[in-house]
Amino acid sequence: MFAKIRNLNIRNKMLVGYLAPAAIYLGFPVVVIVTTNQVLKTFQETERVQQVVGETTNISLGAEQMVRGLRGYLINHKDQQFLTDFHTGAELARQSANNVEPTLKNPEQKIRLQRIRELVNQYYEGCNEEIIRLLEQNQTAKAIAVFNTGKYRNLVNEFLEANREFRETELKMLQRETQITKATLSFFVSTLVVGSVLLVLFGAGIAWMISSGIVGTIDRAISSIASSSTEIAATVEEQERMASQQAASVNQTTTTMDELGASSRATSQQIETAASQAMQALTLADAGTKAVEETLKTMAALKAKVQDMQGQIMQLSEQTDRIGNISTVVSDLANQTNMLALNAAVEAVRAGEHGKGFGVVASEIRKLAERSKKSAAQINLLVIDIQKAINSTVMVTDEGTKTVEIGVNIASETAAAFAGVANSINNVVLSSQQVSLNAKQQAIAIEQVVEAMNSLNQAAAQTACGIAQTKVGTQKLNEAALDLKAVV
């Protein structure tokens, strides 16, 4: 711990020197509070025990009064004062037991108190039911015989024993608390003595460490100042010589930087011209790229329309196939109708006169079937011609789609080429702008360097003057360090 304190600086050492004794001193109130609480607790326990002992005494007095009253009434049962004393003693014992019960802390004491109360009640109720009742009936001999059985004497003896144990237990509890308080007070006194000694020793040790540390620190600082001032003096002389050389070099550098600035400004103007031309080329490339994009959009729209047309032609072909199928069905129906009409004509001939009308109808149906068959054949011929035309249109559409796809690919390649040209030109423009910006920054930087060199030239002269003054101040510092060392 002391090693850590020794490594602290002077301010922290002084802070520790004040705070450490203060912390020890502040620990004393804690011990005082603990001790005071223990003493207060003992006082409270003493008051409680005194109250319990007082109430226990009242219980004993009440029980004794109850026994005396019973004996007096047994001897002279005509004197009602003895009977009154008997009842008053029982009431005093019961009331005192009720008063002491809330103050008890020990469960065993509560059990003993309950036993004492039971003994008082048994004695009172037994005597009241047996002995006093017999006396009131003028049966004195029987009452004396019951009293001489020893039953109630045993209750009195048990009451006295329980009362004694109860009182001794409370006194032992008080004695134990008193011993704890004495030990606490002894510890408190020892703590005060030891703490005071430690406080004095610790404060003296801290003061010695702080003073020795301060003296050592000042001694080291003086030695360091003395050696440093000597070195500074030598360094100042060297700097004075170098300042003169720097002033000459600064003049030459200033002239060179002026020439470099003029060259940088000319280069910046040329780069700006090249960047402007590159911007024009980039504008033209953007226009070509936009034209190719428009062409691509038109080709894509044409391709979509051709694809839509191809889809519609395919739907027309499917519908034509359905018409052919329908025509085939119609032709089959016509053949079947013709056969049915022929069979009907035969049946009409068999029927004779009754079947003439049916024969005429069958003939008309046969004619209608023949016309339906011819119409179906013509529809089939038309469907075949339409199918051929659709197939030719599909072939032409496929060729148009392929042509559109080739045109789209060519336009895409053209757009990619324009995009590459635009990117290249854009890169040239960016590079030109970056170079122009760098050239401007270089020109500005050169101007700032020229100004800095002029300032440096002026500062060099001021530095030479300041070095001479520093030399004088260093000598005075060395003299002050020697004086301080002599004082310490």
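Computed from a prediction, not measured in an experiment: that's the story for all the values here. The residue numbering used here restarts from 1 in each chain and proceeds along that chain's sequence as written. For a predicted model such as this one, the threshold for reporting local features is a pLDDT of at least 70, and the threshold for listing and counting side-chain atom pairs is 80 or more; totals across whole chains, interfaces and linings nevertheless cover every residue. Working from all heavy atoms in the structure, the side-chain values ignore hydrogens and water.

Secondary structure follows DSSP: runs of H or I at least 4 residues long count as helices, runs of E at least 2 residues long count as strands, and numbering of each begins at the N terminus. Counting secondary structure elements, the protein chain contains eight helices and zero strands. Categorising residues by exposure relies on relative accessible area from a 1.4 Å probe, with only protein chains included: less than 20% of the type maximum marks a residue as buried, more than 50% marks it as exposed, and the intermediate range marks it as partly exposed. Buried positions account for 29% of the 488 residues belonging to the protein chain. We call two residues contacting when some pair of their heavy atoms lies within 4.5 Å. Sequence-distant contacts, at least 24 apart, represent 85% of the contacts inside the protein chain between residues at least 6 apart. Carbon and sulfur atoms provide 60% of the accessible area of the protein chain, an area that totals close to 31300 Å². The protein chains shown are the only cover counted for residues, whose accessible areas, like all others here, come from Shrake-Rupley with a 1.4 Å probe.

Each Phe, Tyr or Trp ring (for Trp, its six-membered ring) is paired with any other whose centre lies within 6.5 Å, and the angle between the two planes then decides the class: stacked below 30 degrees, edge-to-face above 60, tilted in between. In total, this model carries two aromatic pairs according to the counting rule given. Ring plane angle 15° and centroid distance 5.1 Å describe the contact between F86 and Y124, whose orientation is recorded as stacked. Of this pair, F86 sits in helix α3 (residues 80-100) while Y124 sits in helix α4 (residues 107-129); the two residues are 38 residues apart in sequence, bridging distant segments of the chain. Measuring from ring centre to ring centre gives 5.7 Å for Y123 and Y152, while their planes differ by 90°; the resulting arrangement is edge-to-face. Taken together, the residues Y123 in helix α4 and Y152 in helix α7 (residues 151-351) connect sequence positions 29 residues apart. Across the pair, Y152 and Y123 agree in class, each one buried.

Now for the confidence of the model for the protein chain. Of all residues in the protein chain, 74% attain a pLDDT of 70 or more, and the chain-wide mean is 77. Across the chain, each position has a pLDDT score giving the predictor's confidence in that residue, from 0 to 100. The least confident element of the protein chain, judged by mean pLDDT, is helix α1 (residues 2-6) at 62; the most confident is α3 at 91.

Secondary-structure assignment places K78 in the loop between α2 (10-75) and α3. Among the residues examined, K78 registers a relative accessible area of 72% and is labelled exposed. As a C-alpha pair, K78 and L135 span 57 residues in sequence and 9.3 Å in three-dimensional space.

Each nonpolar core is a collection of buried residues, namely Ala, Val, Leu, Ile, Met, Phe, Trp, Tyr and Cys, held together in the definition by side-chain atoms within 4.5 Å. Judged by nonpolar contacts, the single largest core of 33 residues is most densely connected at L70, F86, Y123 and I131. Taken together, the elements giving at least two residues each to this core come down to α2, α3, α4, α5 (131-136), α6 (140-147) and α7. Here this core gets eight residues from one element, more than from any other, and that element is α2. Ignoring any residue separated from it by four or fewer positions in sequence, one finds F86 in contact with Q65, M66, G69, L70, Y123, Y124, C127, N128 and I132.

Nonpolar side chains collect at one region of the surface, where V189, V193, V194, V197, L198 and L201 lie side by side and expose about 540 Å² of accessible area between them. Turning to its location among the elements, V193 is positioned in helix α7. Put simply, a patch holds well-exposed residues, over 30% relative accessible area, that have no salt bridge, with like charges counted together within 9 Å and Val, Leu, Ile, Met, Phe, Trp or Tyr side chains within 5 Å. One speaks of a salt bridge when a side-chain nitrogen belonging to Lys or Arg is within 4 Å of a carboxyl oxygen belonging to Asp or Glu.

Let's shift gears to unusual backbone geometry. Residue N138 is not a glycine yet carries a positive backbone phi of 60°. Classification of N138 by relative accessible area gives exposed; the value is 61%.

A few words on the packing of α3 against α4. When two helices pack together, their arrangement is captured by the angle between the axes and the distance separating the axes. Note on method: axes are straight lines fitted to C-alpha atoms, helices fitted across the in-contact stretch only, with angles between N-to-C directions ranging 0 to 180 degrees. Viewed as axis vectors pointing N to C, α3 and α4 meet at an angle of 160°, and their least axial separation amounts to 10 Å. Classified by the angle their axes make, α3 and α4 are roughly antiparallel. Between α3 and α4 lies a crossing whose hand is left-handed. Residues F86, H87, A90, A93, R94, A97, N98 and V100 of α3 touch α4, and the partners they reach there are L113, R117, V120, N121, Y123, Y124, C127 and N128. Of the residues in the contact of α3 with α4, the class split is ten nonpolar, four polar and two charged. Here roughly perpendicular refers to angles of 65 to 115 degrees, roughly parallel to angles under 35, roughly antiparallel to angles over 145, and oblique to all remaining angles. For a crossing to be left-handed, the near helix must be turned anticlockwise from the far one by less than a right angle; the clockwise case is right-handed. All amino acids are sorted into three groups, where Ala, Val, Leu, Ile, Met, Phe, Trp, Tyr, Cys and Pro are nonpolar, Asp, Glu, Lys and Arg are charged, and the leftover types, Gly among them, are polar.

With that settled, consider the side chain of T191. Note on placement: T191 falls in helix α7. A residue is classified by how much of its surface remains accessible, and T191, at 19% relative accessible area, is buried. For the purposes of these results, a polar contact is taken to be a pair of N or O atoms within 3.5 Å, where, inside protein, one atom must be able to donate a hydrogen and its partner to accept one; residues adjacent in sequence count only when each atom of the pair is a side-chain atom. Among the polar contacts listed, one links the side chain of T191 to the backbone oxygen of F187, at a separation of 2.6 Å.

What follows concerns the pattern of salt bridges. Applying the stated criterion to the full structure yields eleven salt bridges. For the salt bridge of E161 with R164, the shortest nitrogen-to-oxygen distance reads 2.2 Å. With a gap of three residues between them, E161 and R164 both fall in helix α7, about one helical turn apart. Taking the relative accessible area as the measure of exposure, E161 reaches 35% and is therefore partly exposed. Residues E347 and R350 are paired through a salt bridge, measuring 3.5 Å at the closest nitrogen-oxygen approach. Of this pair, E347 and R350 both sit in helix α7, separated by three residues, roughly a single helical turn. Of the residues examined, R350 reaches a relative accessible area of 65% and is grouped as exposed. A single salt-bridge network, built from bridges that share partners, covers E108, R112 and E165.

In this structure, F188 sits in helix α7. Spatially, the C-alpha atoms of F188 and V34 are 9.1 Å apart, while their sequence positions differ by 154 residues.

The subject of this paragraph is α4. Two residues of an α-helix separated by three or four positions point the same way, owing to the 3.6 residues in each turn. Here, expected helix span is obtained from the residue count minus one, scaled by 1.5 Å. An ideal rise of 1.5 Å per residue puts 33 Å on 23 residues; α4 measures up with 33 Å between its terminal C-alpha atoms. For α4, the complete set of buried residues consists of Q109, L113, I116, R117, L119, V120, Y123, Y124, G126 and C127.

Residue position: S331 is located in helix α7. Sequence spacing of S331 and A376 is 45 residues, and the spatial spacing of their C-alpha atoms is 5.6 Å. In this structure S331 touches K373 and A376, once residues within four positions along its chain are discounted.

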